[in-house]
Amino acid sequence: MFIQTESTPNPATLKFLPGQTVLELGTADFPSEEAAAKSPLARRIFAAGGVTGVFFGTDFVTVTKADAVEWQHIKPAILGAIMEHFQSGAPVIEGEQAASGHAEHTGEDGDIVRQIKELLDTRVRPAVAQDGGDITFHGFDRGVVYLHMQGACAGCPSSTLTLKMGIENLLRHYIPEVLEVRPVAA
């Protein structure tokens, strides 16, 4: 098994490509070791030490390291953990996988929210997945779109610029009711 790695715009995050499917559908975010309880793969990666977050896409694993740790010290252990996991035949996530994605929205702005989600799914999420992350809809209130950033996008130095200059401008262009975009914490 050959696992490729790619840098991301976030220097604290690396993208690992195992060359096979990680998740059949959606994404899974593990912002802490406690959150990884249902994922044998995420638990193995956290056990490597120095890891502060793990994120799964359909064909990649994104790992975020602690600031005090250097990649050259933990990357071999992470590669080993990923390789061991896929060779073990264990599931990536035990039990039912909660569909990670957009938050539900009920209310009078249903049509606007549908348009926001469609633009996120077709224009934004494929681009940020290439960088090892994901951005999902969290809410819409009085012209403000709230988005949740995951994987390499969470804590990335360029995420504010991406959010404000890229996503906000895109949504405002297509949906005049959108006035602003703001990030939300998990």
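This structure is a prediction, so every number in the text was calculated from the model and none was measured.

### As for the pattern of salt bridges
For side chains bearing opposite charge, pairing can occur when the charged atoms are close.
Next, step 1: The tally for this structure, following the rule as stated, stands at 10 salt bridges.
Next, step 2: Where Glu118 meets Arg114, a salt bridge forms, and the shortest distance between an N and an O atom there is 3.5 Å. Of the two residues, Glu118 and Arg114 are both situated in helix H3 (residues 110–130); the distance of four residues between them amounts to about one turn of the helix.
Next, step 3: Residue classification places Arg114 among the partly exposed residues on the basis of a relative accessible area of 46%.
Next, step 4: Of the charged contacts in the structure, one is a salt bridge between Asp134 and Arg125, with a shortest N-O distance of 2.7 Å.
Next, step 5: Residue class for Asp134 comes out buried when judged on its relative accessible area of 3%.
Next, step 6: One network of salt bridges, with partners in common, ties together Asp111, Arg114 and Glu118.

### Quick notes on unusual backbone geometry
Most peptide bonds are trans, and most residues other than glycine sit at a negative phi.
Next, step 1: With phi around 50°, Arg142 is a residue other than glycine that occupies positive phi space.
Next, step 2: Along the polypeptide, Arg142 turns up in the loop between strand S6 (133–141) and strand S7 (144–151).

### Regarding the confidence of the model for the protein chain
Next, step 1: Residues of the protein chain with pLDDT of at least 70 account for 96%, and the chain-wide mean is 87.
Next, step 2: Ranking the elements of the protein chain by mean pLDDT puts helix H4 (residues 159–174) last, at 84, and helix H1 (residues 40–47) first, at 96.

### Thoughts on H4
Next, step 1: Taking 1.5 Å of rise per residue, 16 residues should cover 22 Å, and H4 covers 21 Å from first to last C-alpha, within 8% of that figure.
Next, step 2: Taken residue by residue, H4 has Ser159, Leu163, Ile167, Glu168, Leu170 and Leu171 as its buried positions.

### Re the pairing of strand S2 (residues 13–17)
Next, step 1: Counted residue by residue, S2 has five buried out of five residues, so it is predominantly covered.
Next, step 2: By the alternation rule, side chains of S2 split into Thr13, Lys15 and Leu17 and Leu14 and Phe16, which are all buried.
Next, step 3: The pairing of strand S1 (residues 4–7) with S2 spans four bridges and is antiparallel. Pairing of Glu6 across the sheet is with Lys15, part of S2.
Next, step 4: Where S1 hands over to S2, the hairpin turn is made up of five residues, counted between the paired strands.
Next, step 5: Across four bridges, S2 lies against strand S5 (residues 61–65) in antiparallel orientation. What sits directly across from Leu14, in S5, is Val63.

The rules behind the values
Residues numbered from 1 in each chain as written. Predicted model: local features only at pLDDT ≥ 70, side-chain atom pairs only at ≥ 80, totals over all residues. Heavy atoms only, no water. Salt bridge = Lys/Arg side-chain N within 4 Å of Asp/Glu carboxyl O. Helix = DSSP H or I, 4+ residues; strand = E, 2+ residues; numbered from the N terminus. Buried < 20%, exposed > 50% of the residue type's maximum accessible area, 1.4 Å probe, protein only. pLDDT = per-residue confidence, 0-100. Expected span 1.5 Å × (residues − 1). Pairing = 2+ DSSP bridges.

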